[in-house]
Amino acid sequence: MQELKHIIFNTVTEASRKMAPGELEKSVAGATGLDRKTVRLAIKDLVSLGELTYTYVYGTSFLEKSFDRPVRVSKRIVIKPPDKTYQPQPGDVVLSIAGGAAFGNGAHPSTYLALRALDRILSDCHFVKLDTPLKGLDIGTGTGVLAIALAGLGVHEVVGLDIDVCAVSEAIHNVQLNGLAAQVSISNTPLEGLKQCFAVIMANLAYPTLTRLSSLLSKKLEQGGVLILSGFKEPATKDLRDAYAEQDLRLIQEEIDREWVCLVFRKPGQP
Ligand SMILES: C[S@@+](CC[C@H](N)C(=O)[O-])C[C@H]1O[C@@H](n2cnc3c(N)ncnc32)[C@H](O)[C@@H]1O
């Protein structure tokens, strides 16, 4: 039974898209030669254990990895609900994110792709040097998850912005939960209203918004700075690559997961 649960869990997490319960049952039954009823019971167990959860999109149900427990989303970043304990491994950065209405519990590919890119960039001293005070920006902060990760990974001063006042209040709450209020400021100030430039900018926003903001985001990036874009699917990628290349940014990384894409650009020059 344990082995079967392992296979089911891996099937869900490694699938290129969300799986409906029937599809998951069929796929695992086909791969293992077991009958669908046995597979269904093991899926039920995984849901009661909090490993998998049902999600609903436009009346269709799916089974996905549950974020109601600590989940590792990148080499160093683990996201957990505030009421769950987690024993960190050396080097882990643990983010406590409370459930609410704002987007950004870590489960969506646009969020974890951005977090993975950030973890890679900040581990590589070739791109960003953490021994000098750095400023980071997270535009479209939602729960504050990317802003909190920036600070947790060593960016000294972080600004998180969102146009939605509910998201702003949830992000402030999450920043406080993580003990980062001195480092991270959250507000609904429009991007145009910010005077400073940033060494790292993260933007998990819809494709039209990213297109509209290409010039402003590029201006807000310091020389040598890194811009992480997420929140769009493969068909939008070429337009966004072109729009940001027109701003003289250089594409340095690209990752795709479940049709969602994350692009990382760098502004030429020395910080
Ligand atoms: C996809 S969510 C990203 C949340 C979180 N940063 C994450 O990565 O999971 C996008 C967020 O951007 C906000 N938003 C949309 N347009 C915006 C804009 N022009 N300026 C600031 N925030 C914006 C939305 O209210 C929403 O909270």
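Description of the structure in this document. Counting starts from 1 at the beginning of each chain's written sequence and moves along it residue by residue. Since the coordinates come from a predicted model, pLDDT governs what is reported: local features require at least 70, and pairs of side-chain atoms require 80 or more to be given and counted, while whole-chain, interface and lining totals use all residues. Calculation of side-chain values draws on the structure's entire complement of heavy atoms; hydrogens and water are dropped beforehand.

**Some points on the pattern of salt bridges**
Logical step 1: Think of a salt bridge as a Lys or Arg side-chain nitrogen and an Asp or Glu carboxyl oxygen that are within 4 Å of each other. Across all of its chains, the model carries 14 salt bridges by this definition.
Logical step 2: For Arg69, the salt bridge identified is with Glu51, shortest N-O distance 3.9 Å. Placement of Arg69 in the loop between strand 2 (60-65) and strand 3 (71-72) and of Glu51 in the loop between helix 3 (36-48) and strand 1 (52-57) is noted, with a sequence separation of 18 residues between them.
Logical step 3: Each residue's exposure class comes from its accessible area (1.4 Å probe, protein chains only) as a fraction of the maximum for that residue type: buried when under 20%, exposed when over 50%, partly exposed otherwise. Under the relative-accessibility criterion, Glu51 is labelled partly exposed at 27%.
Logical step 4: The partner of Glu255 in a salt bridge is Arg120, and the shortest N-O contact between them spans 3.2 Å. You can see Glu255 sitting in strand 11 (residues 250-257) and its partner Arg120 sitting in helix 4 (residues 109-123), a full 135 residues away along the chain. Per the convention used, a helix needs a DSSP run of H or I reaching at least four residues, while a strand needs a run of E reaching at least two, with both numbered from the N terminus.

**Overview of the site of the ligand**
Logical step 1: Note on definitions. A residue lies near a molecule or strand when any single heavy atom of the residue is within 4 Å of it. Surveying the vicinity of the ligand reveals 16 residues, the closest of which are Gly104, Thr111, Gly140, Asp162 and Asn204.
Logical step 2: In this structure, Gly140 approaches the ligand through a main-chain N or O atom, which is 2.7 Å from a nitrogen atom.
Logical step 3: At 3.4 Å from a nitrogen atom of the ligand is found a main-chain nitrogen or oxygen belonging to Ile163.
Logical step 4: Here the open area of atoms and residues is found with the Shrake-Rupley method and a 1.4 Å probe, where only the protein chains shown may cover a residue. Summarising the interface, the protein chains cover 82% of the accessible area of the ligand, which totals 590 Å² for the free molecule.
Logical step 5: Spatially, the ligand is embedded in the second largest pocket.
Logical step 6: Counting residues per element, the ones that place at least two in the shell around the ligand are helix 5 (145-152) and helix 7 (207-212).
Logical step 7: Following the grouping adopted for this structure description, the nonpolar residues are Ala, Val, Leu, Ile, Met, Phe, Trp, Tyr, Cys and Pro, the charged ones are Asp, Glu, Lys and Arg, and the polar ones are all others, Gly among them. When grouped by side-chain class, the residues that make up the shell around the ligand number 6 nonpolar, 7 polar and 3 charged. Within 3.5 Å is the distance limit for a polar contact, defined as a pair of N or O atoms, with the added protein rule that one can donate a hydrogen and the other accept it, and that residues adjacent in sequence qualify only through two side-chain atoms. Buriedness for pockets is judged along seven lines, at least five of which must meet protein on both sides within 12 Å for an open set on the 1 Å grid over protein atoms alone, while cavities are sets there where a 1.4 Å probe fits but cannot get out, and lining residues have an atom within 4 Å of a point. Put plainly, a molecule is in a cavity or pocket when over half of its atoms are within 2 Å of the grid points there.

**A word on the sheet that holds strand 11**
Logical step 1: One bridge is not enough; two strands pair if DSSP finds at least two bridges between them. Pairing is mixed across the open sheet formed by 7 strands, whose spatial order is 8-7-6-9-10-12-11. Either end of the sheet is taken by a strand with one partner, and the two such strands are strand 8 (184-187) and strand 11. Each neighbouring strand pair of the sheet contributes to a mean axis angle of 15 degrees, computed without reference to strand direction.
Logical step 2: Two elements, strand 6 (residues 135-139) and strand 9 (residues 198-204), share 4 bridges in a ladder whose sense is parallel. What sits directly across from Asp138, in strand 9, is Met202. Interaxial angle, 0 to 180 degrees, is taken between N-to-C directions of lines fitted to C-alpha atoms, where a helix line uses only the stretch in contact.

**Section: the pairing of strand 6**
Logical step 1: Across the 5 residues of strand 6, 4 count as buried, placing the element largely inside the fold.
Logical step 2: The sheet contact formed by strand 6 and strand 7 (residues 157-161) spans 5 bridges and is parallel. The residue bridging Ile139 from the neighbouring strand is Leu161, located in strand 7.

**Re the nonpolar core**
Logical step 1: Within the largest apolar cluster, 42 residues are counted, with the highest numbers of intra-cluster contacts made by Leu95, Leu118 and Ile228.
Logical step 2: For this core, the element with the most residues is helix 4, which contributes 8 residues.
Logical step 3: In this description, contact between two residues means that some pair of their heavy atoms is separated by no more than 4.5 Å. With residues near it in sequence (within four places) discarded, Leu95 still touches Ile77, Val78, Ile79, Lys80, Val145, Ile148, Ala149 and Asn178.
Logical step 4: Listed in part, the 25 residues of the second largest apolar core include Ile139, Leu229, Leu240 and Tyr244. Think of a nonpolar core as a cluster: buried Ala, Val, Leu, Ile, Met, Phe, Trp, Tyr and Cys residues, connected wherever their side-chain atoms sit within 4.5 Å.

**Points about the packing of aromatic side chains**
Logical step 1: Centres within 6.5 Å make a pair out of two Phe, Tyr or Trp rings, where for Trp the six-membered ring is used; the pair is then stacked when the planes are under 30 degrees apart, edge-to-face when over 60, and tilted otherwise. Under the definition given, this model contains 1 aromatic pair.
Logical step 2: Charges are assigned to positions over rings by a cutoff of 6 Å between ring centre and Lys NZ or Arg CZ, combined with an angular limit of 35 degrees from the ring normal. Of note, Lys18 hangs over the ring of Phe62, and the distance from its end group to the ring centre comes to 5.6 Å.

**Overview of the layout of surface pockets**
If you roll a probe as big as a water molecule over the atoms, it shows you where there is empty space left.
Logical step 1: Grid points are joined across faces, edges and corners, and a volume is the space filled by probe spheres set on the points. In this model, the largest pocket occupies a volume close to 960 Å³.
Logical step 2: What lines the largest pocket is a set of 40 residues, and nearest its centre among them are Glu64, Phe67, Asn105, Ala107 and His108.
Logical step 3: Among the elements of the structure, helix 1 (2-14), strand 1, strand 2, strand 4 (77-80) and helix 4 are those that each provide at least two residues to the lining of the largest pocket.
Logical step 4: The biggest single contributor to the lining of the largest pocket is strand 1, with 4 residues.
Logical step 5: Its residues assigned to classes, the lining of the largest pocket shows 16 nonpolar, 11 polar and 13 charged.
Logical step 6: Counting contributing residues per domain, the lining of the largest pocket is built from domain 1 (2-65) and domain 2 (93-266), each supplying no fewer than three.
Logical step 7: The wall of the second largest pocket is formed by 26 residues, among which Ile139, Gly140, Asp162, Ile163 and Leu205 lie closest to the centre.
Logical step 8: Those elements that provide at least two residues to the lining of the second largest pocket are helix 5 and helix 7.
Logical step 9: Of the residues that constitute the lining of the second largest pocket, the class distribution is 13 nonpolar, 9 polar and 4 charged. What marks off one domain from the next here is an automatic or database domain assignment.

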